[in-house]
Amino acid sequence: MGIEEQLTTVLAKAVIEADKAESVKELETIRVSYLGKKGEITSVLKGVKDVAPEQRPVIGKKANEVRDELTTLLSHKKERLEKEALERQLEKETIDVTLPGKQVSKGQTHVLTQIMEEIEDLFLGMGYQIIEGNEVESDHYNFERVNLPQNHPARDMQDTFYITPDVLLRTHTSPIQARTLESHDFSKGPLKMISPGKVYRRDTDDATHSHQFHQIEGMVIAENITMADLKGTLELLAKKMFGEDREIRLRPSYFPFTEPSVEVDVSCFKCGGTGCNVCKGTGWIEILGAGMTHPNVLEMSGVDSTKYSGFAFGLGPDRIAMLKYGVDDIRNFYLNDQRFLKQFKRKG
Ligand SMILES: [Zn+2]
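Because the structure is predicted, anything quoted here is derived from the model rather than measured.

**Q** Any chance you could explain unusual backbone geometry here in plain terms?
**A** Among all residues save glycine, negative phi is the norm, and among peptide bonds the norm is trans. With an omega of -5°, the peptide bond running from Glu259 to Pro260 counts as cis. If you trace the backbone, Pro260 turns up in strand β8 (residues 258-267). At Lys280, a position not held by glycine, the phi torsion is positive, near 55°. Following the sequence through the fold, Lys280 ends up in the loop between β8 and β9 (284-293). Taking relative accessible area as the criterion, Lys280 reaches 74% and is therefore assigned exposed.

This is the structure:
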């Protein structure tokens, strides 16, 4: 058989093998075995040396044609196999949109944040601004500017973390009163603010005390503000936090920064006032302290106390949450136990 015929036979054999190939890998093996340096075409061409010289170009041309044809064929087949493989893969990975999805576990705000946001929403709706203060304060703003000078006996009520003799962790949110009062421009309208945040006291840890807890300070200063405004505001707050049927009562009390000062009780949300374990049989629950801002506090911040007056109140979101949800140990709020925290979903 002449070399040309041999080449034709080799090509025919290669075509059949390529046709049967089922993977790109198989195809590559075929390519090497025919077109490679030690492949069948090369081996057939070794016979060229025995052919008459004038015949050689004809064989060379034929060899090139066979190579080209086989190369084209293999590359088309390769493309087809790759396409098929991709289709099979896509088929396999098809997403069934009718299957139920994986549940993504969704976080929620901490119960104390929920209480504070609820209170913030109420006061924002009444035109108050929210002002946050520093947790590290000076003795000056924490005590002196809220009418608690050095050696004032009431300082003993707030066991304080001192950093230096003049710098401390704020014991209440009240320093924000002085800071806001001294910067407020009363020609632009009354001052209405609440200030939520963390405060610190060296109280021993027990079921009702934590060295860190929260307060929300509220203050309104303008002309002609009276105790009636205070009572109306707190009544709204009590109803918002404990239900529409709640009433409040004011009892005389003492705070250095207000005069007169009151403790505010809300009618028991559990028994409605007849007496139960939550209200310790009294029908009332103490929820916050308040009063008319002391003229000294106004004057120390450069506010004319003969022209302006107002009220302030301070409440503990921790205590409100304990009352509202029947939590008997304040430390639960700070332990980050998901089983405890997950129970509190804000109702909107
Ligand atoms: Zn009760």
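Picking up after the structure, the text goes on.
**Q** Explain the coordination of the zinc ion to me, please; I cannot follow it from the model alone.
**A** Perfect tetrahedral coordination of a metal by four donors corresponds to 109.5 degrees between them, and perfect octahedral coordination by six donors corresponds to 90 or 180 degrees. Within the protein, the zinc ion binds to Cys268 (SG), Cys271 (SG), Cys276 (SG) and Cys279 (SG); these donor distances fall in the range 2.2 to 2.3 Å. Taken together, the four donor atoms coordinating the zinc ion and their angles of 106 to 115° define a geometry best described as tetrahedral. The sequence motif formed by the donor residues of the zinc ion is C-x2-C-x4-C-x2-C. A residue is classified by how much of its surface remains accessible, and Cys276, at 18% relative accessible area, is buried.

**Q** Help me understand helix α10 (residues 317-325), please; the structure alone is not making it clear to me.
**A** The α-helix advances 3.6 residues per turn, and as a result positions three or four apart in sequence lie on the same side. Where α10 is concerned, the buried positions are Pro317, Asp318, Ile320, Ala321, Met322 and Leu323. Tucked into the core, α10 has its buried residues touching α5 (111-125), β6 (212-222), α8 (227-242), β9 and β10 (309-315). Once α10 finishes, Gly326 follows within two positions and takes phi at roughly 65°, a positive value.

**Q** Would you mind going over the sheet that holds β8 with me for this structure?
**A** Each strand in a sheet pairs with another by means of backbone hydrogen bonds, the pair being arranged parallel or else antiparallel. Taken together, the seven strands give an open sheet; going across it, the order is β1-β5-β6-β10-β9-β8-β7, and neighbouring strands pair in mixed fashion. In this open sheet, the two strands that pair with only one neighbour each are β1 (129-130) and β7 (248-255). As judged from the seven bridges shared by β6 and β10, these two strands associate in the antiparallel manner. From the neighbouring strand, Ile216 faces β10, where its bridge partner is Leu315. Of the strands in this sheet, β1, β5 (191-200), β6 and β10 touch α5, which is tilted by about 170° from β5.

**Q** In this structure, what is going on with the pairing of β6? I would like to understand it.
**A** Along a regular strand, successive side chains alternate from one face of the sheet to the other. The buried fraction of β6 is high, at 11 of 11 residues. Covered by surrounding structure in β6 are Gln212, His214, Ile216, Gly218, Val220 and Ala222 together with Phe213, Gln215, Glu217, Met219 and Ile221, the residues of both alternating faces. Pairing analysis gives 10 bridges linking β5 to β6, with the strands arranged antiparallel. Its bridge partner lying in β6, Tyr200 is registered against Gln212.

**Q** Looking at this structure, how should I read helix α4 (residues 56-92)?
**A** For α4, with 37 residues, the first-to-last C-alpha span of 53 Å sits near the 54 Å given by 1.5 Å per residue. Within the sequence span of α4, burial applies to Ile59, Ala63, Val66, Leu70, Leu74, Lys77 and Leu81. Elements that come into contact with the buried residues of α4 comprise α1 (3-20), α2 (24-35) and α3 (40-45).

**Q** For this particular structure, what's the right way to read the packing of aromatic side chains?
**A** In this description, a pair of aromatic rings is defined by centroid distance and the angle of the planes. Scanning the entire structure with this criterion turns up nine aromatic pairs. Where Tyr325 meets Phe344, the ring centres are 4.8 Å apart and the plane angle is 55°; that geometry is what we call tilted. Highlighted residues: Tyr325 in helix α10 and Phe344 in the segment after α11 (338-341), separated in sequence by 19 residues. Through successive ring pairs, a cluster of aromatic residues spans Phe123, Tyr128, Phe311 and Phe313.

**Q** Teacher, can you tell me more about the pattern of salt bridges here?
**A** A side chain with one charge can pair with a side chain of the opposite charge if their charged atoms come near. Tallying each qualifying case throughout the model produces 16 salt bridges. A salt bridge links Glu137 to Arg179, with the nearest nitrogen and oxygen atoms 2.7 Å apart. Of this pair, Glu137 sits in strand β2 (residues 136-138) while Arg179 sits in helix α7 (residues 175-183), and the two are 42 residues apart along the sequence. Judged by relative accessible area, which is 4%, Glu137 ranks as buried. Between Asp265 and Arg249 there is a salt bridge whose closest N-O contact spans 2.8 Å. Remark: Arg249 occurs in strand β7 and Asp265 occurs in strand β8; sequence separation between them is 16 residues. When salt bridges that share partners are traced, they join Arg249, Arg251, Asp265 and Glu286 into one network.

**Q** Looking at this structure, how should I read the pairing of β8?
**A** Within β8, eight of the 10 residues are buried, which leaves it mostly tucked inside the rest of the structure. Sheet topology places β7 next to β8; seven bridges connect them, and they run antiparallel. In the sheet register, Arg249 faces β8, and the bridge partner there is Asp265. The turn joining β7 and β8, which pair antiparallel and follow one another in sequence, is formed by two residues.

**Q** Looking at this model, I keep getting lost on the nonpolar core. Mind explaining?
**A** For soluble globular proteins, the rule of thumb is that nonpolar side chains tend to be buried together. Formed by 45 residues in total, the largest nonpolar core has its most connected members in Leu234, Leu237, Leu288, Phe313 and Phe333. When contributions to this core are tallied by element, the ones reaching two or more residues are α5, β6, α8, β8, β9, β10, α10 and α11. Top element by residues in this core is α5. It accounts for seven residues. What Leu234 contacts, discounting residues up to four positions off in sequence, is Ile248, Val264, Leu288, Ala290 and Phe313. Judged by nonpolar contacts, the second largest core, of 21 residues, contains Leu7, Ile41, Ile59 and Val66.

Definitions and cut-offs
- Residues numbered from 1 in each chain as written.
- Predicted model: local features only at pLDDT ≥ 70, side-chain atom pairs only at ≥ 80, totals over all residues.
- Heavy atoms only, no water.
- Helix = DSSP H or I, 4+ residues; strand = E, 2+ residues; numbered from the N terminus.
- Buried < 20%, exposed > 50% of the residue type's maximum accessible area, 1.4 Å probe, protein only.
- Donors = N, O, S within 2.8 Å, 3.2 Å for Na, K, Ca; no water.
- Tetrahedral: all angles 85-135°; square planar, octahedral: opposite > 155°, others 65-115°.
- Contact = heavy atoms within 4.5 Å.
- Pairing = 2+ DSSP bridges.
- Axes fitted to C-alpha atoms, helices over the stretch in contact; angles between N-to-C directions.
- Expected span 1.5 Å × (residues − 1).
- Phe/Tyr/Trp six-rings, centres within 6.5 Å; stacked < 30°, edge-to-face > 60°.
- Salt bridge = Lys/Arg side-chain N within 4 Å of Asp/Glu carboxyl O.
- Core = buried A, V, L, I, M, F, W, Y, C linked by side-chain atoms within 4.5 Å.

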